[in-house]
Amino acid sequence: MNAVEKQSSEDFNRRLTTSGFRFTPQRQQVYDVLLHKRDHPTADEVFMRAKRQMPEISHATVYNCLDALVKSGLIRQVSLDRGATRFCPNMHEHCHFYCDECNAVFDVDMPAKAHEAVALPKGFRADKFDIAIHGVCADCAKKK
């Protein structure tokens, strides 16, 4: 384990602990799945990927791990229209681009002062954004 991986592992353990959860190999495996391929998988997709490395993991365990990781602030839930909830390990403020052709989800950086670009009613304050942009990704646009 190199210095970056060691620091990341320590941060992971600290975030779980300060949120009232303990480290488990299953939680680490689910988190690693999300970090390995950042394509905003559904819980079922996380389950299938986690099972490759940890065949004994159950569906219920994956759901419980995802819940603990969300509550610990290590990942976020992404809900797009009526589709299955997806999961994202990018905790920086950003929005999501949803390709209506291939159903892929991409992270899109937000401008540093995005909170100033949205005209909120007087007295309102935005703490975070949950924005989904719909359209066609570059790969699908090339195909047309």
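Scroll up a little and you will see the structure.
The structure presented is a predicted model; accordingly, all values stated were derived computationally and were not measured.

A short note on the pattern of salt bridges
So, point 1. As enumerated under the stated definition, the model contains four salt bridges in all.
So, point 2. Linking Arg14 and Asp11 is a salt bridge whose minimum nitrogen-to-oxygen distance equals 3.1 Å. You can see Arg14 and its partner Asp11 sitting in helix H1 (residues 3–18), three residues apart, about one turn around the helix.
So, point 3. On the basis of relative accessibility, which here comes to 27%, the residue Asp11 falls in the partly exposed class.
So, point 4. Among the ionic pairs, Arg49 bridges to Asp39, the shortest N-O distance being 2.7 Å.

A closer look at the pairing of strand S3 (residues 94–99)
So, point 1. Within S3, six of the six residues are buried, which leaves it mostly tucked inside the rest of the structure.
So, point 2. Residue alternation in S3 divides its side chains into two sets, His94, His96 and Tyr98 and Cys95, Phe97 and Cys99, and both sets are buried.
So, point 3. Here S3 runs beside strand S4 (residues 105–109); their pairing, made up of five bridges, is antiparallel. When the sheet's bridge partners are listed, Phe97 is paired in S4 with Phe106.
So, point 4. In sequence, S3 turns back onto S4 through a hairpin of five residues, with Asn103 there showing a positive phi of about 70°.
So, point 5. As paired elements, S3 and strand S5 (residues 132–135) share four bridges and run parallel to each other. Residue Cys99 lies in a different strand from S5, and its bridge partner there is Gly135.

Regarding the side chain of Ser72
So, point 1. Following the sequence through the fold, Ser72 ends up in the loop between helix H4 (59–71) and strand S1 (76–78).
So, point 2. Owing to a relative accessible area of 4%, Ser72 belongs among the buried residues under this scheme.
So, point 3. Among the polar contacts listed, one links the side chain of Ser72 to the backbone oxygen of Ala68, at a separation of 2.8 Å.
So, point 4. Contacts of Ser72, omitting those with residues within four sequence positions, involve Arg15, Leu16, Ser19 and Phe21.

Points about the sheet that holds S4
So, point 1. Judged by pairing direction, the sheet is mixed, and its three strands sit side by side in the order S4-S3-S5 without closing on themselves. In the strand order of this sheet, the two ends are held by S4 and S5, each with one partner. With direction set aside, neighbouring strand axes in the sheet form an average angle of 30°.

Focus: the layout of surface pockets
So, point 1. If you add up the space inside the largest pocket, you get close to 210 Å³.
So, point 2. Lining the largest pocket are 13 residues, and of these Ser8, Tyr31, Leu35, Leu74 and Pro89 sit closest to its centre.
So, point 3. The set of elements that each furnish at least two residues to the lining of the largest pocket consists of H1 and helix H2 (25–36).
So, point 4. Broken down by element, the lining of the largest pocket gets its largest block of residues, four residues, from H1.
So, point 5. Looking at the lining of the largest pocket residue by residue, the class counts come to six nonpolar, four polar and three charged.
So, point 6. By volume, the second largest pocket amounts to about 180 Å³.
So, point 7. In terms of lining residues, the second largest pocket is bounded by Arg76, Gln77, Val78, Glu93, His94, Cys95, His96, Lys128, Phe129, Asp130 and Ile131.
So, point 8. Among the secondary structure elements, those contributing two or more residues to the lining of the second largest pocket are S1 and S3.
So, point 9. In terms of residue class, the lining of the second largest pocket is built from four nonpolar, three polar and four charged.

Here is what the cut-offs are and how they apply
Residues numbered from 1 in each chain as written. Predicted model: local features only at pLDDT ≥ 70, side-chain atom pairs only at ≥ 80, totals over all residues. Heavy atoms only, no water. Salt bridge = Lys/Arg side-chain N within 4 Å of Asp/Glu carboxyl O. Helix = DSSP H or I, 4+ residues; strand = E, 2+ residues; numbered from the N terminus. Buried < 20%, exposed > 50% of the residue type's maximum accessible area, 1.4 Å probe, protein only. Pairing = 2+ DSSP bridges. Polar contact = N/O pair within 3.5 Å; in protein donor to acceptor, adjacent residues only side chain to side chain. Contact = heavy atoms within 4.5 Å. Axes fitted to C-alpha atoms, helices over the stretch in contact; angles between N-to-C directions. 1 Å grid on protein atoms, 1.4 Å probe; cavity = no way out; pocket = protein on both sides within 12 Å on 5 of 7 lines; lining within 4 Å. Points joined across faces, edges and corners; volume = space filled by probe spheres on them. Nonpolar A, V, L, I, M, F, W, Y, C, P; charged D, E, K, R; others polar.

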